[in-house]
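Remarks on the overall topology
What follows is each chain in one-letter form.
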Amino acid sequence: MKSIIERTFDTPFAIQNFIDGKFVDSVNQMNFENINPATGAMLCTVPDSDEKDVQKAILAAQKAFPVWKNKSNEERFRILYVIAQGIMENLDRFALAESLDTGKPLSLAKSVDIPRSAQNFEFFATATMQFASESHDMEGVALNYTLRKPLGVVACISPWNLPLYLFSWKIAPALAAGNCVVAKPSEVTPLTAYLLGEICQKAGLPDGVLNILHGFGHRVGAALIAHPDIKAISFTGGTATGKQIASVAAPQFKKLSLELGGKNPNIIFADADLDQAIQTTIQSSFRNQGQICLCGSRILIESSIYEQFKSRFLEKIGQLKVGNPLDSMTNVGAVVSKNHFHKVLDCIELAKAEGGKILTGGNSLKIEGNCENGYFIAPTVIEGLPQHCRTNMEEIFGPVVTLQSFDNEEEALTIANGTNYGLSATVWTQDIKKAHRMANRLEAGIVWVNTWMLRDLRTPFGGVKQSGVGREGGWEAMRFFTDAKNVVIKY
Ligand code: NAD
């Protein structure tokens, strides 16, 4: 069989599930089409898997569990490390696949998405070697020590915005901790997860340790999370889906990690380094077409610099090139799908109906050439909306930001904390005391000061309020994917 990784992707092909170390069709033999959002052309067909495939994958994972959990830490480290290397050796192919599947600029996939996916495996490979547990000495009475045991078979479910990046962010710690995994990428962007299967085969991951099922959330995803033999669910996606998953998982007492939506504030004080703030705000607004859960979709600006910020920000946006994701000069590519394209355009119409003034963008774009049928939206900035309108409260997840002004810290905090979400927040100020005061009171899982998207994989990652439950990253992830057992020995 021809290597999957070596495909050129110029003619449509059929992707398959990866179960028990083999590529297989779904049991029902049904498929659906996956579209390249930059061209509107069919990229591949995807298995429309269901509960029968879930059953097969779970049986394979259960069979593999004793083999995997009994491997030494060094053996697990080596295999995960080789997977990381395999991804980087195929950087160009993975990046192309990710760009074709999502519409994101190829340059972004190559510089951020794929290297970070490899880094996720590399990072958790080393975690296998470093993970330690606590002991508690009861002063002459007894000694407690904690053992950390893998859970068994766990489910990892990821969204379409950062496909391999978030898929690997879950799978790598689950495997590092000694679990076997049944994973489901988004049905909208299945391609790089499909390629990953071959990298795992070549890296010597034992059959059944990682199983990758493709298909729709309401069918194969729902069957997976409801299966009684799934011990834990690590999910990243929308808040409504997270709520649905929690309602099924909680009565079965499954461990649950939910990374959900956001409506993140980006707060710019008058004493900020405005050059840096504007440069980074362009990124935090429009990188990946604004489809990053951490994007700062609400820009709050101190009133004394509001007009200055606005005109300089708009000028920079005018320099962004929206276009073919494969063109190295492109800054903003296509949004991920036709459905999402219409959703974002509807949100812009809603903003207008709510009284918003469109300062730039607000429309779809037709790109000449082979992208003329693609789903492109101009970077959009809206002002003049009330704080509590739907546009300022609900996640849009596209290249759309709003501007609001504030007069003082207290008001900035009230606006920033005034949504149901609490994933991340960004603060721009050169006053270190103000930065600490804001960081302390912002309701968010991550606060960035004078930066954005700077990540150390050891740090806890996650949201508060309706942005999620639990934390990923570093030891948090290793703890999530293990059960603690305390042993008490009387002196
Ligand atoms: P989504 O919730 O529609 O889908 C996410 C995944 O869940 C997909 O694989 C989907 O097939 C699956 N799914 C859907 N219904 C399911 C069900 N009933 N049971 C099991 N699985 C099901 O989200 P999306 O549209 O793919 O992604 C966008 C959302 O993800 C946004 O809200 C964004 O904020 C969020 N997100 C959050 C983070 C974070 O770290 N907090 C990161 C990226 C994206």
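Our structure's up above, just so we're on the same page.
Residues numbered from 1 in each chain as written. Predicted model: local features only at pLDDT ≥ 70, side-chain atom pairs only at ≥ 80, totals over all residues. Heavy atoms only, no water.

1. Some words on the packing of aromatic side chains
All chains considered together, the criterion is met by 14 aromatic pairs. Consider the rings of Phe9 and Phe13, whose centres lie 5.9 Å apart with planes at 35 degrees: the pair is tilted. In this pair, the class of Phe9 matches that of Phe13, namely buried. Among the aromatic side chains, those forming a connected cluster through ring pairs are Phe18, Phe23 and Tyr194. Geometry around Trp169 places Arg116 over its ring, the cationic atom sitting 4.7 Å from the centre. In this structure, Lys255 is placed above the aromatic ring of Phe480, and the distance from its NZ or CZ to the ring centre is 5.4 Å. (Phe/Tyr/Trp six-rings, centres within 6.5 Å; stacked < 30°, edge-to-face > 60°. Buried < 20%, exposed > 50% of the residue type's maximum accessible area, 1.4 Å probe, protein only. Lys NZ or Arg CZ within 6 Å of the ring centre and 35° of its normal.)

2. Some thoughts on unusual backbone geometry
Positive phi, normally seen in glycine, also occurs at Asn288, with a value near 55 degrees. Relative to the helices and strands, Asn288 resides in the loop between helix H9 (274-286) and strand E14 (298-302). With a phi close to 65 degrees, Phe397 is a non-glycine residue in the positive phi region. Mapped onto the fold, Phe397 is located in the loop between helix H12 (390-393) and strand E19 (400-406). Since its relative accessible area comes to 15%, Phe397 is described here as buried. (Helix = DSSP H or I, 4+ residues; strand = E, 2+ residues; numbered from the N terminus.)

3. Focus on the side chain of Gln291
Tracing the backbone shows Gln291 in the loop between H9 and E14. Classification of Gln291 by relative accessible area gives buried; the value is 2%. From its side chain, Gln291 meets the backbone nitrogen of Val336 in a polar contact 3.2 Å long. Not counting the four nearest positions on each side in its chain, Gln291 is found in contact with Trp160, Asn161, Ala334, Val335, Val336, His340, Phe397 and Gly398. (Polar contact = N/O pair within 3.5 Å; in protein donor to acceptor, adjacent residues only side chain to side chain. Contact = heavy atoms within 4.5 Å.)

4. Digging into the packing of helix H2 (residues 73-89) against helix H4 (residues 106-130)
Following both chains from N to C, one finds H2 and H4 inclined at 170 degrees, their axes separated by 8 Å at the closest point. By the criterion of interaxial angle, the relationship of H2 to H4 is roughly antiparallel. Residues Asn73, Glu74, Arg76, Phe77, Leu80, Tyr81, Ile83, Ala84, Ile87 and Met88 of H2 form the contact with H4, whose own contacting residues are Ile114, Pro115, Ser117, Ala118, Phe121, Glu122, Phe124, Ala125, Thr126, Thr128 and Met129. Classifying every residue of the contact of H2 with H4 by side-chain character gives 14 nonpolar, 4 polar and 3 charged. (Axes fitted to C-alpha atoms, helices over the stretch in contact; angles between N-to-C directions. Parallel < 35°, antiparallel > 145°, perpendicular 65-115°, else oblique. Nonpolar A, V, L, I, M, F, W, Y, C, P; charged D, E, K, R; others polar.)

5. A closer look at the site of the ligand
In the vicinity of the ligand, 28 residues are found, and the nearest of them are Ser158, Glu187, Thr241, Leu260 and Glu395. Within the backbone of Ser158, one N or O atom sits 2.8 Å away from an oxygen atom of the ligand. With respect to the ligand, the side chain of Glu395 contributes an N or O atom lying 2.5 Å from an oxygen atom. Judged by the proximity of its atoms to the pocket grid, the ligand belongs to the largest pocket. Residue assignment for the shell around the ligand shows that the elements contributing at least two residues are helix H7 (217-226), strand E11 (232-236) and helix H8 (239-249). Among the residues making up the shell around the ligand, the classes are represented as 13 nonpolar, 11 polar and 4 charged. (Near = heavy atom within 4 Å. 1 Å grid on protein atoms, 1.4 Å probe; cavity = no way out; pocket = protein on both sides within 12 Å on 5 of 7 lines; lining within 4 Å. Sits in = over half its atoms within 2 Å of the grid points.)

6. Overview of empty space enclosed by the protein
Summed over all chains, the structure comprises 7 cavities of 30 Å³ or more. In this structure, the largest cavity spans a volume of roughly 100 Å³. Looking at the largest cavity, it is lined by 14 residues, and the ones nearest its centre are Gly290, Ile292, Cys295, Ser297 and Phe397. By residue class, the composition of the lining of the largest cavity is 6 nonpolar, 6 polar and 2 charged. (Points joined across faces, edges and corners; volume = space filled by probe spheres on them.)

7. A closer look at the pattern of salt bridges
Here the structure, examined in full by the defined rule, presents 19 salt bridges. Put simply, Lys104 and Asp113 hold a salt bridge, and the shortest N to O gap is 2.7 Å. You'll find Lys104 and Asp113 in the same group, each marked buried. Within this structure, Glu307, Lys310 and Glu383 form a network of salt bridges that share partners. (Salt bridge = Lys/Arg side-chain N within 4 Å of Asp/Glu carboxyl O.)

8. As for the packing of H9 against helix H10 (residues 306-317)
The contact between H9 and H10 brings their axes to 10 Å, and the two run at 55 degrees. In terms of orientation, H9 lies oblique with respect to H10. In the crossing of H9 with H10, the sense of the turn from one axis to the other is right-handed. Of the residues in H10, those touching H9 at Leu274, Asp275, Ile278, Gln279, Thr281, Ile282, Ser285 and Phe286 are Gln308, Phe309, Arg312, Phe313, Lys316 and Ile317. Residues that form the contact of H9 with H10 fall into these classes: 7 nonpolar, 4 polar and 3 charged. (Left-handed = near helix turned anticlockwise from the far one by under 90°.)

9. Some thoughts on the layout of surface pockets
The gaps left among the atoms become clear once a water-sized probe is rolled over them. Approximately 1200 Å³ is the volume found for the largest pocket. Lining the largest pocket are 42 residues, and of these Trp160, Ser186, Glu187, Val188 and Thr241 lie nearest its centre. Secondary-structure elements contributing two or more residues to the lining of the largest pocket are strand E4 (31-35), H7, E11, H8 and helix H11 (338-353). With 5 residues, the single largest contributor to the lining of the largest pocket is H7. Per-class residue counts for the lining of the largest pocket are 18 nonpolar, 16 polar and 8 charged.

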